[in-house]
Amino acid sequence: MNFNSKNPFLSDKRFSSNAVSKTEEVHHAQIIDYNQDMTISGTINKTAILFLLLCAGAMLTWWMAFNGMNAMLPAIGGAIVAFILVLISAFKPQASPYLAPGYALFEGLFIGGISAIFEAKFPGIVINAVGATLVTFLVCLGLYKFKIVKVNEQFRAVVIAATLAIATYYLISWIVSMFTNYTPVHHGNSLMSIGISVFVIIVAALNLFLDFDQIEKGAQQRMPKFMEWYGAMGLMITLVWLYIEFLRLLSKFASRD
């Protein structure tokens, strides 16, 4: 069975019954109980834990920012460390029980810092972005749970193609803007920029369906217990992306007033 996702954590190479060999299972048996299987409820619990850890990290840099301290240094450092942990976990899924909590904490430092910047400029924007992200998550979960939206190969291919197109556009725009005076189209508050943000948010939301599907299939295939942390970490990555895009979109609307 083929599993594809834009999320490196929820890719076919990682989220398959062959993700961990029998040799690796024996080698790590003293650390992680591989006799237990991955479950959906277990993944939900791990996601909740990661969310709380992310909030704890975010509260720290948020508090620093609004108490006259320099929150940008820990925010930037948190983003870098979180990215490194993501890369390590992508190649060593069995280490996810240890790396996922660290990712959530350090990513929280970044989220708290960037949220404080937006909030200082546009009061009230953070609570609106959080609410929009939560509502989007619950709606997508409900649509998936009740099979209103079904993830098939065509759906998966379209979402992955759109996600790769967005990543490519962001990367090229960033590189070009570094060496020229070019201002990317998605910057500013023009209608075109707002339209791009709406499109990106839709694609990010569609990625949630892929994440739900990968986690469900992983549980059905009775993958090792540590994949609950791996799946939860991947889901958090998508939610963070969605939240940041909502911040960007709402700031564009606010700046037009």
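Residues numbered from 1 in each chain as written. Predicted model: local features only at pLDDT ≥ 70, side-chain atom pairs only at ≥ 80, totals over all residues. Heavy atoms only, no water.

Colleague: Any chance you could explain the packing of aromatic side chains here in plain terms?
Modeller: Two numbers describe a pair of aromatic rings. These are the distance of the centres and the angle of the planes. All chains considered together, the criterion is met by five aromatic pairs. Ring plane angle 90° and centroid distance 6.0 Å describe the contact between F155 and F209, whose orientation is recorded as edge-to-face. With a gap of 54 residues between them, F155 in helix α6 (residues 153-179) and F209 in helix α7 (residues 191-220) connect regions that are remote in the sequence. On the basis of relative accessible area, F155 is assigned to the buried category, the value being 17%. With centroids separated by 5.9 Å and ring planes inclined at 40°, the aromatic side chains of Y169 and Y170 adopt a geometry described as tilted. (Phe/Tyr/Trp six-rings, centres within 6.5 Å; stacked < 30°, edge-to-face > 60°. Helix = DSSP H or I, 4+ residues; strand = E, 2+ residues; numbered from the N terminus. Buried < 20%, exposed > 50% of the residue type's maximum accessible area, 1.4 Å probe, protein only.)

Colleague: Looking at this structure, I do not really get the packing of α7 against helix α8 (residues 227-256). What am I missing?
Modeller: How two helices sit against one another is set out by the angle between their axes and by the gap between those axes. Between α7 and α8, whose axes approach to 9 Å, the crossing angle comes to 165°. With respect to α8, the element α7 is oriented roughly antiparallel. Viewed along their axes, α7 and α8 form a crossing whose handedness is left-handed. The residue makeup of the contact of α7 with α8, split by class, is 18 nonpolar, six polar and four charged. (Axes fitted to C-alpha atoms, helices over the stretch in contact; angles between N-to-C directions. Parallel < 35°, antiparallel > 145°, perpendicular 65-115°, else oblique. Left-handed = near helix turned anticlockwise from the far one by under 90°. Nonpolar A, V, L, I, M, F, W, Y, C, P; charged D, E, K, R; others polar.)

Colleague: Teacher, can you tell me more about the nonpolar core here?
Modeller: The tendency in soluble globular proteins is for nonpolar side chains to be buried side by side. One finds L50, Y103 and L208 to be the most contacted residues of the largest nonpolar core, which totals 58 residues. Those residues in contact with L50, other than ones at most four positions away along the chain, are A100, P101, A104, W229, A232, M233 and M236. (Core = buried A, V, L, I, M, F, W, Y, C linked by side-chain atoms within 4.5 Å. Contact = heavy atoms within 4.5 Å.)

Colleague: Help me out: how do you make sense of a nonpolar patch on the surface in this one?
Modeller: A surface patch of nonpolar side chains, about 520 Å² in accessible area, is lined by M72, I76, I80, I84, I88 and I117. With five residues, helix α3 (residues 72-91) is the single largest residue contributor to the nonpolar patch. Within the secondary structure, I88 is located in helix α3. Among the residues examined, I88 registers a relative accessible area of 38% and is labelled partly exposed. (Patch = residues over 30% accessible without salt bridge, like charges linked within 9 Å, V, L, I, M, F, W, Y side chains within 5 Å. Areas by Shrake-Rupley, 256 points an atom, 1.4 Å probe, with all protein chains shown as cover. Salt bridge = Lys/Arg side-chain N within 4 Å of Asp/Glu carboxyl O.)

Colleague: Can you help me understand the pattern of salt bridges in this one?
Modeller: Tallying each qualifying case throughout the model produces eight salt bridges. K147 is the partner of E216 in a salt bridge, and the nearest nitrogen-oxygen pair spans 3.8 Å. Of this pair, E216 sits in helix α7 while K147 sits in the loop between α5 (125-145) and α6; the two residues are 69 residues apart in sequence, bridging distant segments of the chain. A relative accessible area of 43% means that K147 is categorised as partly exposed. Its salt-bridge partner being R156, residue D213 comes within 2.7 Å of it at the nearest N-O pair. Highlighted residues: D213 in helix α7 and R156 in helix α6, separated in sequence by 57 residues. Here the salt bridges share partners, and the residues they tie into one network are E153, R156, D213 and K217.

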